[in-house]
Amino acid sequence: MKINSYLNFNGTCETAFKFYEQCLGGKIVMMLTHGDAPTAEHIPADWHDKIMHVCLELGDRLLMGSDSPPGYFETPQGFYVQISVDEPAEAERVFYVLAEKGKVKMPIAQTFWSVRFGMLVDQFGIPWMINCQETA
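Each residue is numbered by its place in its chain's sequence as written, counting from 1. In keeping with the predicted nature of the model, local features appear solely for residues at pLDDT of at least 70, side-chain atom pairs appear and are counted solely at 80 or more, and the whole-chain, interface and lining totals rest on all residues. The side-chain figures draw on all heavy atoms in the structure; neither hydrogens nor water molecules are used.

Draft legend 1. Inspection of the overall build of the protein chain at higher detail. Think of it this way: any DSSP run of H or I at least four residues long counts as a helix, any run of E at least two long counts as a strand, and we number them from the N terminus. Across its full length, the protein chain holds two helices and eight strands. The secondary structure elements of the protein chain, listed N-terminal to C-terminal, are β-α-β-β-β-β-α-β-β-β. Taking the principal axes of the C-alpha coordinates as reference, the protein chain spans close to 55 × 25 × 25 Å. Burial here depends on accessible area, computed with a 1.4 Å probe over protein chains only, as a share of the maximum for the residue type. Under 20% is buried, over 50% is exposed, and the range in between is partly exposed. The buried share among the 136 residues of the protein chain stands at 40%. Partitioning the intrachain contacts of the protein chain with sequence separation of at least 6 by distance along the chain shows that 53% fall at a separation of at least 24. We get accessible surface area from the Shrake-Rupley algorithm with a probe of 1.4 Å; when it comes to residues, only the shown protein chains can shield them. Put simply, the protein chain shows about 8100 Å² of open surface, and 52% of that area lies on carbon and sulfur atoms. Where the 10 positive side-chain charges of the protein chain centre and where its 17 negative ones centre are 5 Å apart. Contacts are assigned to residue pairs that have any heavy atoms within 4.5 Å of one another. As used throughout, the charge tally considers Lys and Arg to be positive and Asp and Glu to be negative, leaving His and the chain termini uncounted. To locate a charge, take NZ of a lysine, CZ of an arginine, CG of an aspartate or CD of a glutamate.

Dropping the structure here:
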């Protein structure tokens, strides 16, 4: 069993996932718009370019997402997407790139359990934890 995160956006899914692809070094392996779906005739024309489903491959894990239909989006709360990184410098790089235009909740620093740990909410409203347990 593997658990993967599925993120919902309020119309910014494509931009967010292209950003995550660059930041995290993954590869978008599937991106389907509402307009490309078999149900497109039932979707308002101004929603055809929004994402119905996207899949970003990150090693043996997937980060997936979509744009929530109008009236269904809820601001993310009560969770963080957690990233484990092997090198302190890479943990800092990922943290600062994700934090750009976002909000730092806990600056990245050494803690009693980790050589680097930080928490943030990115520019798209997604909460992240970055953790590096390797010794410097």
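There's plenty left to go through after this.
Draft legend 2. Structural context of the side chain of Thr-33. One can find Thr-33 in strand 2 (residues 27-33). Polar contact is the term for a pair of N or O atoms within 3.5 Å; when the atoms are in protein, one must be able to donate a hydrogen and the other to accept it, and sequence-neighboring residues count only if both atoms are side-chain atoms. Within polar-contact distance, the side chain of Thr-33 engages the backbone oxygen of His-48 at 3.4 Å.

Draft legend 3. Quick look at the packing of aromatic side chains. Stacked, edge-to-face and tilted are the three classes for Phe, Tyr and Trp ring pairs, Trp counted by its six-membered ring, which pair at centre distances within 6.5 Å; planes under 30 degrees apart are stacked, over 60 edge-to-face, the rest tilted. Per the counting criterion, the structure on display carries nine aromatic pairs. Seen from their ring centres, Phe-112 and Trp-113 are 4.9 Å apart, and the 85° between their planes marks the pair as edge-to-face. Judged by its relative accessible area of 80%, Phe-112 is exposed. For the ring pair Trp-113 and Phe-117, a centre distance of 5.0 Å and an interplane angle of 70° mean the geometry is edge-to-face. Among the aromatic residues, those joined into a cluster by ring pairs are Phe-9, Phe-17, Phe-19, Tyr-20, Phe-124 and Trp-128.

Draft legend 4. Local environment of the sheet that holds strand 6 (residues 103-109). Note on pairing: DSSP must find at least two bridges between two strands before they are called paired. The strand order 5-8-7-6 describes an open sheet built from four strands, whose pairing is mixed. Bordering the open sheet on either side are strand 5 (81-84) and strand 6, each of which pairs with just one other strand. Neighbour-to-neighbour, the strand axes of the sheet open up by a mean angle of 10°, direction not taken into account. Sheet topology note: the strand 6/strand 7 (residues 116-121) ladder contains four bridges and is antiparallel. Opposite Ala-109, over in strand 7, you have Phe-117 as the bridge partner. The axes used here are C-alpha line fits, helices contributing only the stretch in contact, and every angle between their N-to-C directions lies in the interval 0 to 180 degrees. Contacting strand 5, strand 6, strand 7 and strand 8 (127-132), helix 2 (residues 88-99) crosses the sheet at an angle of about 170° to strand 6.

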